[in-house]
Amino acid sequence: MAIQHDGKSPGKIWYAWQKTKALSQSFFDYSTKNEAKAAAKNTGLTVGSAVSYGLANSYLLPLLPIPGIGLIVSVAGFFAVAHFGRKSFIKAKSVVKSPFVYNYVRQAEYKWQDKKSRPALLQRLKNSIKAKADKIPLPLVKAVKWAALALAVVGAAVATGGGLNALGIPAISGNATTLAILGGIAKAGAVVGLTSAAALGTVIGLAVVAIPVGLVLSAVARNAAIRRDPNRISFKPKPPKPPVNDDVTPIDKGVVFQPKAQSFEFNDNAPPANNSGLSDARKAAAEARANSRKNKGSSNRFT
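Residues numbered from 1 in each chain as written. Predicted model: local features only at pLDDT ≥ 70, side-chain atom pairs only at ≥ 80, totals over all residues. Heavy atoms only, no water.

**Some thoughts on the overall build of the chain**
The number of helices and strands found in the chain is 11 helices and 0 strands. Each helix (α) and strand (β) of the chain, taken in turn from the N terminus, gives the series α-α-α-α-α-α-α-α-α-α-α. Expressed as a percentage of its 303 residues, the buried residues of the chain come to 16%. Taking contacts inside the chain between residues at least 6 apart in sequence as the whole, the part at least 24 apart equals 72%. Only carbon and sulfur atoms are counted for the fraction: they give 65% of the accessible area of the chain, which is about 23600 Å². (Helix = DSSP H or I, 4+ residues; strand = E, 2+ residues; numbered from the N terminus. Buried < 20%, exposed > 50% of the residue type's maximum accessible area, 1.4 Å probe, protein only. Contact = heavy atoms within 4.5 Å. Areas by Shrake-Rupley, 256 points an atom, 1.4 Å probe, with all protein chains shown as cover.)

What follows is the structure, encoded as structure tokens:
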């Protein structure tokens, strides 16, 4: 039965390709190399017989004016192709059914299942980043968190200022601080061979990129700090504690067992146990039945 993962299994083309690779490796395994070489040799003889028959029938036979030579060559070529083809098929089938090919395909199935069972690329990348962040010392992680957040803030400020300056807003573009910053950017760009416009565009682009990078780094460092220091000071409201029953006062038995409860009271209207409440007629009937049983028990049945 084919291996499955979430109800899916490799297709026939996949299995055919794996068996083909296994056959190519069977020449180097001690358990199958002899049969694999024999299968390859017989396959070569089969192809060679077919090619030889075709060449002889096309070029050689017309030059030999011997009666029946064509039929003899045709029959000989047919038997040669059938004989070597049969031997090649038997040897190749033996290699395909061998434990080596079976184990090779089975190992490929395990690799296929392991590959399908792995998380998505984004999840694997996230787990790798978390594992690397957990190895960084905690003080450095906290410093990276605040530094990355500052980077995002600075990037947002620079990108916003550059955009407003590009729009020509007087309060920004005509400001002395803005002009000084733009002059410094132009001089730095000239050092590396950039014009003032190209240098400004590069700075704005870097500032825009710094926003998501800073936010991501800050979030990663924050989560790493939380995992490393779960008892840290947090400004989030703590969840309410579960209720605890601290009352250890013993239960008063009188609360549960009422001595004068209605369910334990006897019925005062019930007749007494000695049948004193019975009528005279019923008492006489009861005495008569008792005397009858007594006399019957003492009578001699053999008289």
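**Focus on the packing of aromatic side chains**
If you walk through the whole model with that rule in mind, you get 3 aromatic pairs. Where Phe100 meets Tyr104, the ring centres are 6.4 Å apart and the plane angle is 40°; that geometry is what we call tilted. You can see Phe100 and its partner Tyr104 sitting in helix H4 (residues 99-117), 4 residues apart, about one turn around the helix. Look at Phe100 and you get buried, because its relative accessible area is 18%. A relative accessible area of 27% means that Tyr104 is categorised as partly exposed. (Phe/Tyr/Trp six-rings, centres within 6.5 Å; stacked < 30°, edge-to-face > 60°.)

**Observations concerning the packing of helix H6 (residues 138-166) against helix H9 (residues 196-228)**
Where H6 contacts H9, the axes come no closer than 6 Å and their chain directions differ by 155°. Viewed along their axes, H6 and H9 adopt a mutual orientation that is roughly antiparallel. Regarding H6 and H9, the two cross each other, and that crossing is left-handed. Split into classes, the residues belonging to the contact of H6 with H9 amount to 22 nonpolar, 5 polar and 3 charged. (Axes fitted to C-alpha atoms, helices over the stretch in contact; angles between N-to-C directions. Parallel < 35°, antiparallel > 145°, perpendicular 65-115°, else oblique. Left-handed = near helix turned anticlockwise from the far one by under 90°. Nonpolar A, V, L, I, M, F, W, Y, C, P; charged D, E, K, R; others polar.)

**A word on the side chain of Gln18**
By the element assignment, Gln18 lies in helix H1 (residues 12-25). The contacts of Gln18, once residues within four sequence positions are left out, are Tyr104, Val105 and Ala108.

**Some details on the pattern of salt bridges**
What the rule picks out here adds up to 1 salt bridge. The partner of Glu109 in a salt bridge is Arg106, and the shortest N-O contact between them spans 2.7 Å. Pair noted here: Glu109 and Arg106 are both in helix H4, with a separation of 3 residues, about one helical turn. (Salt bridge = Lys/Arg side-chain N within 4 Å of Asp/Glu carboxyl O.)

**Here's the deal with the nonpolar core**
By size, the foremost hydrophobic cluster in this structure holds 9 residues: Ile3, Tyr15, Ala22, Ala36, Val95, Phe100, Val101, Val105 and Trp112. Those residues in contact with Val101 that sit more than four places away from it in its chain are Ala22, Val95 and Val96. In this structure, Val141, Ala221, Ala224 and Ala225 belong to the second largest nonpolar core, which totals 5 residues. (Core = buried A, V, L, I, M, F, W, Y, C linked by side-chain atoms within 4.5 Å.)

**What to know about the side chain of Asp29**
Here Asp29 lies in the loop between H1 and helix H2 (33-60). We note that Asp29 is buried and unpaired, the nearest opposite charge coming from Lys33 at a distance of 8.9 Å. Among the polar contacts listed, one links the side chain of Asp29 to the side chain of Ser31, at a separation of 2.3 Å. (Lys, Arg positive; Asp, Glu negative; His and termini not counted. Polar contact = N/O pair within 3.5 Å; in protein donor to acceptor, adjacent residues only side chain to side chain.)

**Remarks on the environment of Lys19**
Secondary-structure assignment places Lys19 in helix H1. Under the relative-accessibility criterion, Lys19 is labelled partly exposed at 39%. Spatially, the C-alpha atoms of Lys19 and Ala108 are 10.0 Å apart, while their sequence positions differ by 89 residues.

**Side note on a positive patch on the surface**
Among the surface-exposed residues, Lys8, Lys115, Lys116, Arg118 and Arg124 lie close enough to one another that they form a single positively charged patch. Topologically, Arg124 is positioned in helix H5 (residues 121-133). (Patch = residues over 30% accessible without salt bridge, like charges linked within 9 Å, V, L, I, M, F, W, Y side chains within 5 Å. Charge placed at Lys NZ, Arg CZ, Asp CG, Glu CD.)

**Some details on the confidence of the model for the chain**
Per-residue confidence for the chain averages 77 on the pLDDT scale, and 76% of its residues sit at or above 70. Mean pLDDT across the elements of the chain ranges from a minimum in helix H10 (residues 253-256), with 52, to a maximum in H1, with 91. In the model, residues 261-268 has pLDDT below 50 throughout and makes 2 contacts with residues more than four positions away in sequence or in other chains. (pLDDT = per-residue confidence, 0-100.)

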